[in-house]
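Each chain, written out:
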Amino acid sequence: MSEEPPIRLFVAPVTPLQQNCTVVWCTKTNKAAIIDPGGDLDPILDEIKRRGLTVDKIWITHGHADHAGGAAELKERTGAPIEGPHEDDQFWIDSIPSMGQRYGIDDMRSFTTDRWLHDGDTVTLGETTWDVIHCPGHTPGHVIFHHAPSGFAQVGDVLFKGSIGRTDFPRGNHADLIHSITQKLWPLGDVQFVPGHGPMSSFNLERQSNPFVSDRVVGQTKPNTQGPG
Ligand SMILES: [Zn+2]
Ligand SMILES: [Zn+2]
């Protein structure tokens, strides 16, 4: 008999932007965290019920509407606390209603987090403990959630299979993003990850083939010696 892994997950793409709302749970306690509830909550809550899980935490990687537009309603419906992102994303959280309207979604709401998260913090889910890593660049307050014992992370819009997060938004910063990926994610080893959009991948695969941050590409990038670092 093989042993049950400590966590399991399912991924539900939500909103017109097909954002990967990710439900992770502790298999010992069936306590679940909903990561980045952008919207479309009914089918996700139905699936959680069908699997016999209870919603214990709401985790937010960053303040973009497609990731966090359903957080306020989800907290009201489940009573679960919201953890994340980092407070540098407050201006994005404030803009969720207007961003939602831009996507044609009227019911996206701003929210108040129960806990800002910082680099090196841990969050708990049932009997599991997750590391929080602050990864600015796509947004200044972006965090990721890493479960080291499983070699798994939800990385939001920091890194995608074959791509990286956009940095052309207000307070986006390309150099910060590359630093976050190569100096904070790569040292974690070969982690399987769910990105904010698109299919899963692994850090090793991206180090081999990602056109923006593969070891070959990054090795060729000249260090930035000008301007503020
Ligand atoms: Zn984003
Ligand atoms: Zn996104």
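Residues numbered from 1 in each chain as written. Chains lettered and ligands numbered in written order. Predicted model: local features only at pLDDT ≥ 70, side-chain atom pairs only at ≥ 80, totals over all residues.

Novice: Talk me through the overall build of the protein; I want residue IDs and the actual numbers.
Specialist: A tally of regular secondary structure across the protein gives eight helices and 13 strands. Radius of gyration (C-alpha) of the protein: 17 Å, near the 17 Å computed for a compact globule of 229 residues. When the backbone C-alpha atoms are referred to their principal axes, the protein occupies close to 50 × 50 × 30 Å. Each of the 229 residues in the protein was classed as buried or not, and the buried ones make up 44%. Partitioning the intrachain contacts of the protein with sequence separation of at least 6 by distance along the chain shows that 60% fall at a separation of at least 24. (Helix = DSSP H or I, 4+ residues; strand = E, 2+ residues; numbered from the N terminus. Rg over C-alpha atoms; globule rule 2.2 N^0.38 Å. Buried ≥ 20, exposed ≤ 12 C-beta atoms within 10 Å, placed from the backbone. Contact = placed C-beta atoms within 7 Å.)

Novice: Please give an account of the sheet that holds strand E1 (residues 7-14) that cites residues and values.
Specialist: Ordered in space as E1-E2-E3-E4-E5, the five strands form an open sheet in which the pairing is mixed. The sheet terminates laterally at E1 and strand E5 (82-83), the two strands that pair on one side only. Bridging between strand E2 (residues 19-26) and strand E3 (residues 31-35) involves five bridges; their strand directions are antiparallel. Residue pairing across strands places Cys-26 opposite Lys-31, the latter belonging to E3. Sitting on the sheet, helix H3 (residues 71-78) touches E3, strand E4 (54-59) and E5, and the angle it makes with E4 is about 150 degrees. (Pairing = 2+ DSSP bridges. Axes fitted to C-alpha atoms, helices over the stretch in contact; angles between N-to-C directions.)

Novice: Could you give an account of the UniProt feature "domain: Metallo-beta-lactamase" (unreviewed entry) in the protein, with specific residues and numbers?
Specialist: The sites that carry the UniProt feature "domain: Metallo-beta-lactamase" (unreviewed entry) are, in the present numbering, residues 18-197. Span residues 18-197 is 26% helix and 28% strand, its end C-alpha atoms 6 Å apart. (UniProt positions renumbered as here; feature names shortened; annotations may be inferred.)

Novice: Break down the nonpolar core for me, citing the residues and quoting the values.
Specialist: With 55 residues, the main nonpolar core has Val-24, Ala-32, Ile-34, Ile-58, Ile-144 and Leu-159 as its most contacted residues. No other element matches the five residues that E2 contributes to this core. Ile-144 has contacts with Thr-61, Ile-133, Cys-135, Ala-153, Gln-154, Val-155, Gly-156 and Val-158, leaving out every residue within four places of it along the chain. (Core = buried A, V, L, I, M, F, W, Y, C linked by C-beta atoms within 7 Å.)

Novice: Any chance you could break down the sheet that holds strand E6 (residues 122-125) for me, citing the residues and the numbers?
Specialist: Across the sheet, which stays open at both edges, the six strands sit in the order E6-E7-E8-E9-E12-E13 with mixed pairing between neighbours. Sheet topology places E6 and strand E13 (201-202) at the edges, where each strand pairs with a single neighbour. Summarising the sheet, strand E8 (residues 143-147) and strand E9 (residues 152-156) pair through three bridges and their orientation is antiparallel. Residue pairing for E9: His-147 is matched across the bridge by Phe-152.

Novice: Which residues make up the pairing of E9, and what are the values?
Specialist: Most of E9 sits inside the fold, with five of its five residues counted as buried. The turn linking E8 back onto E9 is made up of four residues, and Gly-151 within it adopts a positive phi angle of 60 degrees.

Novice: If you had to explain unusual backbone geometry to someone new, which residues and values would you point to?
Specialist: Looking along the chain, the bond that leaves Gly-84 and enters Pro-85 is cis, with omega of -5 degrees. The residue Pro-85 is located in the loop between E5 and helix H4 (90-94) in this model. A positive phi is found at Thr-15, a non-glycine position, where the angle reads about 65 degrees. On the secondary structure map, Thr-15 appears in the loop between E1 and E2.

Novice: Which residues make up helix H6 (residues 174-185), and what are the values?
Specialist: With 12 residues, H6 should cover 16 Å at 1.5 Å per step; its first-to-last C-alpha distance of 16 Å lies within 8% of that length. Buried residues in H6 make contact with strand E10 (159-160), strand E11 (163-164) and helix H7 (203-209). (Expected span 1.5 Å × (residues − 1).)

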